[in-house]
Structure formats: structure tokens, C-alpha cells
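# Coordinate inspection notes
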Amino acid sequence: MKQFAIFLFLFSLADRTIYGQLPSTPKLTGCSVHAAMFHGWNAQEVINPWVKLTFIPQLGGRLMQVEFNGHPYLFVNPKYFGKYISPEEAAGGWINYGGDKIWPMPEGNSDEHHWVLASTAIDDLPYDFKILSEGERCVVELTGKPDVITGLQYRRTIRLSADSPQISFHAVMKNATTHPIEWSVQSVSQYDLSDAQNPADYNHQLWAYTPVNPNSTYPDGYHVRSGMADDPSFSVAGDLFRLHWMYFENEVWLDSTAGWLAIVDQGSQYGMIERFTFQPTGNYPGKATVIFYKNGPSVSFDHEGHASIRATIPESTPYYMEAEINSPIIKLQSNETYAMDTTWNPVRISSAPQTVTNAGVVTQKLSAAWKGNSIALTGAFAPFTTGDVIVLLLDKHGTVIDHRVLKKVLPDETVVLNESIPATRNVLQLTLKISGTGDDILDKLQVEGSGGASK
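Read on for an overview of the structure. (Residues numbered from 1 in each chain as written. Predicted model: local features only at pLDDT ≥ 70, side-chain atom pairs only at ≥ 80, totals over all residues. Heavy atoms only, no water.)

## Some words on the overall build of the chain
Per the secondary structure count, the chain includes three helices and 32 strands. Since a compact globule built from 455 residues should have a radius of gyration of about 23 Å, the 23 Å found for the chain is in line with a globular shape. Seen along its three principal axes, the alpha-carbon backbone of the chain occupies a region of about 75 × 50 × 50 Å. In the chain, buried positions account for 53% of the 455 residues. In the chain, of all internal contacts separated by at least 6 residues, the share reaching a separation of at least 24 is 65%. (Helix = DSSP H or I, 4+ residues; strand = E, 2+ residues; numbered from the N terminus. Rg over C-alpha atoms; globule rule 2.2 N^0.38 Å. Buried < 20%, exposed > 50% of the residue type's maximum accessible area, 1.4 Å probe, protein only. Contact = heavy atoms within 4.5 Å.)

Encoded structure:
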């Protein structure tokens, strides 16, 4: 095993493209769970060679920090370091510790079918933390207390294998009452938007993306639910919604059907792909599957109706953005449960995603064209796991004629392809795969000059 790890390290130094730093090599083997201290809180850490997950069970079962290759993603509110404020002490207020959690939707105060954002059992009471497995795969479970306000009880199971940075979430909401209730379960992740080099300023190179629905309910493909409708942070290019983060409060809803969103820090060149399963017949809250909330200053009106920008400072209005994924609204009978599964893939990425699959994220469109007796394959992508890049050569019937192993890839790299593949003229298509878990397909290509257009 040690010899194999040394081989991977030497191979990666010679062969792979990394932006901004030399590739790191995993220093650990397996996956483990242990107690730790984190900013004054009692924590539980789940660690594999790529990723460290830090949970604070006392704070509503929050996943407080995610680190990939040592890079932290989530906002942790320094105002509350080491503190715990019970719902009774909060007296109806909302305590924003930061991190990642699950919430009910829809929000609001119009009736009992809306959740008022406040300190409650599901958000602030301690969760039970249980280790289900370690070694080849870490599995931990966090179970909350029943909430008398919403009638819900939450449980989350998080999985992290020993050889991949992929994080899998299984979020369960349970009807803890004796009568039927209706709710959506929402994943809420607060990303840190402070400038790592100058914490007094925000990160001007942070982008968020999700594909727009070609048959969107919203006229522009998105709906600005609060804040400026013409916020210059928002744009659509092709089929992709783009949010270039600016320090101004806003919330935008999207009815995306693609099943993914992306957070991309072009400065550090680290990103996160959050994936989910879209349900075509699902009754999503407000039709929204994805929501982005930007924290920041907002417009307010005085008693005479004069508008002004509310003065803010980072200490009182921190730099963070929420990426939110909704499930459909589900009617639950007493003791009935519903689960939403999501997956996070931390990656090295510096530009807008073009395609997201189970294998990775394409950042430069893959193309294949004949060049003499060879096929020129170009493009760029970030893999989700370790494996070999394999090209399958197919004829007009889709039958595999041959295959080529191009290179080994690791999940902390951006891979640039510029390959020449010898092939016979009956090759019309290519399938690009990454070996390993499920031999996942990255893309399928029509070869230019073979009687069909490039995909």
C-alpha cells in the first residue's frame, strides 16, 4: 500500500496539472472518527486522506466545517465561538452559528404550514451523535429531538469512504406528532465569503452556478424573492445561471431540474459541487429546487418613506452565502418519514462548469476530431475520485471496438486533456470514463469528421 501511494505521488508530480501549488499527497489511510475541540466547542471529526468533516452535535447537529486538502469551505460565526444558546435563552430569536444543517420549508409566518426562522429543537437543541462504521468507510448518524412547533424530528446519516473526497448525506424528516403534517426538507450550507488574504473584505472571485430550467416557471429562469430584482450579481449565459457574489442582501430562487449546483472560488481554485435528484412530479416550495441567499447590506425605509442603505460592518453582517437545496413538499402521517439524498464533491476548479456527471465536472468542453490517422481529444475536467481516464472507441452501432487508458487522475487536480489517440476510421464515437466506483462516464462524444457533429 505504501509503495502504491509513493507511485501515485511521483506520477502526479510528473503528469498532472495543478493550478497555484504542487499536488498534495494523502498522509492518512482509511477513514476515522474522533473527538476534538473546534473553536471552543466539543466536536467530532470524520477524516479520510482527502477530507475533514467537523460536527458540533450540541449545536443542532451542525456540520460546522468541511476541509478538502486543508481548504475550509463553510462560514463559522466568530461571534459565537465556544458558546451555546438554548432555544429558551434565544427567546424566539435566531442564533446563526454558521455551518451546514437541514431546515423545514416553506418559511414564513402566515400559518402553521410555514416555519418562522427561530431557535427551535430542530435547529438548536443537541443531537445524538453515533458512529456506525470506520475504516474502509466512515458512517455517522446525528439524531435530533422532536420539535413541538413544526412536529418534525430530523436525522442525518453522513458517509465518507476511505479513498474518495465524496460526501454523501441522507437527511430524514419524521412526523413526530399524532396527526398529518406537510413539509419540505431543505439542505442549508453557509459558505465563507470573506477574503482569505484580507478578512476585512469579501471574496470578489466567488461564483455560484446552477443550470436554468428550459421550461422555467420564472420569466427570467430565476426569481428574485427578496432584494433588488436587477441585482448585477445575477446573469444567465447559455443554459447556466451565474451568481457573481457581491456584498448586498438578496435571495434568488431557481426551479432547476439538472440536479446540481456549483460553488467556485476562482481565487483559491477550490469549489464544491452539490448534487441532488430532481423529482419531475414533486411539489417544490414556490417551485424552487435551488435557492441562493446572499448576506449583506439592504435597503430600508424610514417613517417618512425615504430609502437608505442600512449601514453594516462584517462583524454584524458577516460575509457568507447560503446554498440551499429543497425537497418536494411531502405529506407525512404520524411516525412516517421521508428522506432526501444529496452528495457533495469538493474539487479543484477555476472556471464555470460545463457538465456535471457522476465522474466529475467538465470545465472546458470535451471535443474529438480526426487528425490524420489519430483522434485529437481536448478538454478539461475535475475528477470526483481517484482512477484511470479511459477512452472507449465505438463504431456506428455503439459497439466498443477498442479502449485506451490515458492517465491516472486524483481528485485534487484539474485535468487538461490534449491527447492523440491512434484509431481506425470505423470509430465514430468516444466514451470517456474514469475507472473506480461504477466506472462512471464523464462524457460521450461524436468524433468530428465522422459524419456527425461534435457533441
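## What to know about the sheet that holds strand β24 (residues 337–348)
The strand order β7-β8-β9-β10-β24-β18-β17-β12-β15-β14 describes an open sheet built from 10 strands, whose pairing is antiparallel. Only two strands of the sheet have a single partner each, and these edge strands are β7 (128–133) and β14 (234–237). In this sheet, neighbouring strand axes are inclined to one another by 20° on average, regardless of whether the strands run parallel or antiparallel. Sheet analysis places β14 next to strand β15 (residues 240–244), joined by four bridges and oriented antiparallel. By the bridge assignment, Phe234 is partnered in β15 with Leu243. (Pairing = 2+ DSSP bridges. Axes fitted to C-alpha atoms, helices over the stretch in contact; angles between N-to-C directions.)

## Some points on the sheet that holds strand β30 (residues 415–422)
One open sheet accounts for four strands, arranged β25-β26-β27-β30; its pairing is antiparallel. Among the strands making up the open sheet, the edge pair consists of β25 (355–356) and β30. Both β25 and strand β26 (residues 360–371) contribute to a ladder of two bridges, which runs antiparallel. Each residue of the ladder has a partner; that of Val356, found in β26, is Val361.

## Overview of unusual backbone geometry
Residues Met105 and Pro106 are joined by a peptide bond in cis, for which omega reads 5°. One non-glycine residue with positive phi stands out, namely Asn69, at about 60°. Residue position: Asn69 is located in the loop between β4 (62–68) and β5 (71–72).

## Examining the nonpolar core
Grouped together as the largest cluster of nonpolar side chains are 65 residues, with contacts concentrated most on Leu53 and Phe292. If one sorts the elements of this core by residue count, strand β11 (residues 181–192) sits on top with five residues. Residues in contact with Leu53, not counting those within four places in the same chain, are Gln44, Glu45, Val46, Leu63, Gln65, Val66, Ile158, Leu160 and Ile167. Core analysis: the second largest hydrophobic core is formed by 23 residues, Ala359, Val415, Leu417 and Leu442 among them. (Core = buried A, V, L, I, M, F, W, Y, C linked by side-chain atoms within 4.5 Å.)

## With respect to a nonpolar patch on the surface
Taken together, Val299, Phe301 and Ile309 make up a surface patch of nonpolar side chains, about 310 Å² in accessible area. Checked against the element boundaries, Val299 lands in strand β20 (residues 299–301). (Patch = residues over 30% accessible without salt bridge, like charges linked within 9 Å, V, L, I, M, F, W, Y side chains within 5 Å. Areas by Shrake-Rupley, 256 points an atom, 1.4 Å probe, with all protein chains shown as cover. Salt bridge = Lys/Arg side-chain N within 4 Å of Asp/Glu carboxyl O.)

## A few points about the pairing of strand β29 (residues 400–409)
Bridge count between strand β28 (residues 387–394) and β29: eight bridges; the pairing is antiparallel. Across the sheet, residue Gly387 finds its bridge partner in β29, namely Val409. Connecting the antiparallel pair β28 and β29 is a turn made up of five residues, with Gly398 showing a positive phi of about 80°.

## A closer look at the packing of aromatic side chains
With the rule as written, the count across this model stands at 20 aromatic pairs. Ring geometry for Phe169 and Trp344: centres 5.0 Å apart, planes at 55°, overall tilted. Separated by 175 residues along the polypeptide, Phe169 in strand β10 (residues 167–175) and Trp344 in strand β24 bring together distant segments of the chain. Of the residues examined, Trp344 reaches a relative accessible area of 1% and is grouped as buried. Relative to Trp245, the ring of Tyr202 has its centre 5.3 Å away and its plane inclined at 70°; by these criteria the two rings are edge-to-face. Here Tyr202 is found in the loop between β11 and β12 (206–211), whereas its partner Trp245 is found in the loop between β15 and β16 (250–254), with 43 residues between them in sequence. In terms of burial, Tyr202 and Trp245 fall into one category: buried. (Phe/Tyr/Trp six-rings, centres within 6.5 Å; stacked < 30°, edge-to-face > 60°.)

## Thoughts on the pairing of β16
Across the five residues that make up β16, a large majority, five, are buried. Here β16 shows two buried faces, one formed by Asn250, Val252 and Leu254 and the other by Glu251 and Trp253. As paired strands, strand β13 (residues 223–226) and β16 are joined by three bridges and run antiparallel to one another. Along β16, the bridge assignment pairs Ser226 with Glu251.

## Quick word on the environment of Phe169
Its relative accessible area of 4% is what places Phe169 among the buried residues. When neighbours within four sequence positions are excluded, Phe169 is seen to be in contact with Leu63, Asp100, Arg156, Thr157, Ile158, Met340, Asp341, Thr342 and Trp344.

## Re the environment of Gln44
Along the chain, Gln44 turns up in strand β2 (residues 41–47). Residues Gln44 and Gly282 lie 238 residues apart in sequence; the distance between their C-alpha atoms is 35 Å. Residue contacts for Gln44: discarding those within four places in its chain leaves Val33, His34, Ala35, Leu53, Thr54, Phe55, Pro57 and Phe129.

## What to know about the pattern of salt bridges
Counted by the stated rule, this structure contains 11 salt bridges. When the shortest N-O distance is used, the salt bridge between Arg225 and Glu251 registers 3.5 Å. Highlighted residues: Arg225 in strand β13 and Glu251 in strand β16, separated in sequence by 26 residues. Since its relative accessible area comes to 45%, Arg225 is described here as partly exposed. The partner of Lys407 in a salt bridge is Glu419, with the nearest N and O atoms 3.8 Å apart.

## Focus: the side chain of Thr357
The residue Thr357 is located in the loop between β25 and β26 in this model. A polar side-chain atom of Thr357 sits 3.1 Å from the main-chain carbonyl oxygen of Ile441. When neighbours within four sequence positions are excluded, Thr357 is seen to be in contact with Arg275, Phe384, Ile441 and Leu442. (Polar contact = N/O pair within 3.5 Å; in protein donor to acceptor, adjacent residues only side chain to side chain.)

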